[in-house]
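# An overview of the molecular structure
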Amino acid sequence: MTETRTPTEPTYFLDHQSPEVREFVDRALPDRNASPREMAVRLHDAVRDGIRYEVYDADLTREGVRASGVLKRGQGFCVHKSIVYAAAARSVGIPTRLVYGDVRNHLASERLLELMGGDLFTFHALVSVRIDGAWIRATPVFNTLLCRLYGIRPLEFDGRDDSYYHPFDEQGRRHMEFVRWRGEYDDFPYDTVVGGIAANHPKLVGPELVTAQGSLADDARRERGE
């Protein structure tokens, strides 16, 4: 684990002093007198449902994965959304770390599985937040609408217990399982994560560090015959 900064400070990637992050937090938290736990939950829900989850056409350049850059685009996948949540929580004094692991995703579309090279997705991202002296893991990633299309329940976060994967979908089929943890970081380890994703999933990530064109929602509708 990299220990280089106090985990509430802004960084190049977790740029919570930027106008984009400040405006996002102001909308999500009209009441700054709420408890840290309540603010962490509200920000979790705001990131989960206020930023569209999309693996396709995702910008993995250094500017594209800054919290402010993600908010400008309004979409991204786990890497992008976790950065926004980590930055937003830090802006109200909640310490955060970025967490990465490899997962098997059993319910991905056929097209995404082909692009990923199988069901092993590396460097899945989530966030660890420190509330009342304890580090708790949260995953403000899969927005509610997309979860409904794929038949899985949105992940809830109560600020007390870890919330980091969907073990089964609503029909009892296995959805996601963690097979390897890659560590926690006080700042976004750009070369490790983006380099690892590009190396492990070369069909997904293009030479300009933008992922393949498409739509997860369209994939889901296509597989349901709509």
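In this text, all values refer to a predicted model and were calculated from it rather than measured experimentally.

## Here's the deal with the pattern of salt bridges
This model, assessed by the stated rule, comprises 18 salt bridges. With a closest N to O distance of 3.1 Å, Arg52 and Glu54 form a salt bridge. The class of Glu54 is buried, set by a relative accessible area of 3%. Of the charged contacts, one joins Asp219 and Arg222 as a salt bridge, the two residues approaching to 2.4 Å between their closest N and O atoms. Remark: Arg222 and Asp219 occur in helix 8 (residues 216-223); sequence separation between them is three residues, near one turn of the helix.

## Points about helix 1 (residues 19-28)
For helix 1, every residue scored as buried is listed here: Val21, Phe24, Val25 and Ala28. An end-on view of helix 1 places all buried positions within 95 degrees of arc, on one side of the element. Elements that come into contact with the buried residues of helix 1 comprise helix 2 (36-50), helix 3 (67-73) and helix 4 (78-91).

## Quick look at the side chain of Thr211
Looking at the secondary structure, you find Thr211 in the loop between helix 7 (190-200) and helix 8. Among the polar contacts listed, one links the side chain of Thr211 to the backbone oxygen of Val55, at a separation of 2.7 Å. A polar contact of 3.0 Å, which involves the side chain of Thr211, links it to the backbone nitrogen of Asp57. Beyond its immediate chain neighbours, meaning those up to four positions away, Thr211 contacts Val55, Tyr56, Asp57, Ala58, Leu60, Phe77, Leu204 and Val205.

## Topic: the environment of Ser109
By the secondary structure assignment, Ser109 is in the loop between strand 3 (96-105) and helix 5 (110-116). Along the sequence, Ser109 and Thr192 sit 83 residues apart, while their C-alpha atoms lie 26 Å from each other. A polar contact is formed between the side chain of Ser109 and the backbone nitrogen of Leu112, at a distance of 3.1 Å.

## Observations regarding the nonpolar core
Ranked by internal contacts, the top residues of the largest apolar core, which has 74 residues, are Phe77, Val79, Tyr85, Leu112 and Phe188. Element by element, the count of residues in this core is highest for helix 4, at nine residues. Filtering out sequence-adjacent residues up to four positions away, Tyr85 remains in contact with Ala40, Leu43, His44, Val47, Val127, Val129, Ala138, Pro140 and Phe157.

## Overview of the sheet that holds strand 3
The four strands lie next to each other as 5-4-3-6, forming an open sheet whose pairing is antiparallel. Across the chains shown, the open sheet's two edge strands, defined by having one partner strand only, are strand 5 (134-138) and strand 6 (176-185). Neighbour-to-neighbour, the strand axes of the sheet open up by a mean angle of 35 degrees, direction not taken into account. Pairing geometry for strand 3 and strand 6, over eight bridges, is antiparallel. The residue of strand 6 that forms the bridge with Tyr100 is Gly183. Against the sheet, helix 7 makes contact with strand 3, strand 4 (120-131) and strand 6, and its axis sits at roughly 155 degrees relative to strand 4, the strand it touches most.

## Section: the packing of aromatic side chains
Following the criterion strictly, the structure yields 10 aromatic pairs and no others. Measuring from centroid to centroid gives 5.5 Å for Tyr164 and Phe178, while their planes differ by 80 degrees, and the two rings are edge-to-face. Remark: Phe178 occurs in strand 6 and Tyr164 occurs in the loop between helix 6 (144-150) and strand 6; sequence separation between them is 14 residues. Residue Tyr164 is classed as partly exposed on the basis of its relative accessible area, which comes to 22%. Sitting over the ring of Tyr12, Arg66 keeps its end group 4.0 Å from the ring centre.

Cut-off values and rules
Residues numbered from 1 in each chain as written. Predicted model: local features only at pLDDT ≥ 70, side-chain atom pairs only at ≥ 80, totals over all residues. Heavy atoms only, no water. Salt bridge = Lys/Arg side-chain N within 4 Å of Asp/Glu carboxyl O. Buried < 20%, exposed > 50% of the residue type's maximum accessible area, 1.4 Å probe, protein only. Helix = DSSP H or I, 4+ residues; strand = E, 2+ residues; numbered from the N terminus. Arc of directions from axis to C-beta. Contact = heavy atoms within 4.5 Å. Polar contact = N/O pair within 3.5 Å; in protein donor to acceptor, adjacent residues only side chain to side chain. Core = buried A, V, L, I, M, F, W, Y, C linked by side-chain atoms within 4.5 Å. Pairing = 2+ DSSP bridges. Axes fitted to C-alpha atoms, helices over the stretch in contact; angles between N-to-C directions. Phe/Tyr/Trp six-rings, centres within 6.5 Å; stacked < 30°, edge-to-face > 60°. Lys NZ or Arg CZ within 6 Å of the ring centre and 35° of its normal.

The values reported here are purely geometric and, on their own, carry no functional implication.
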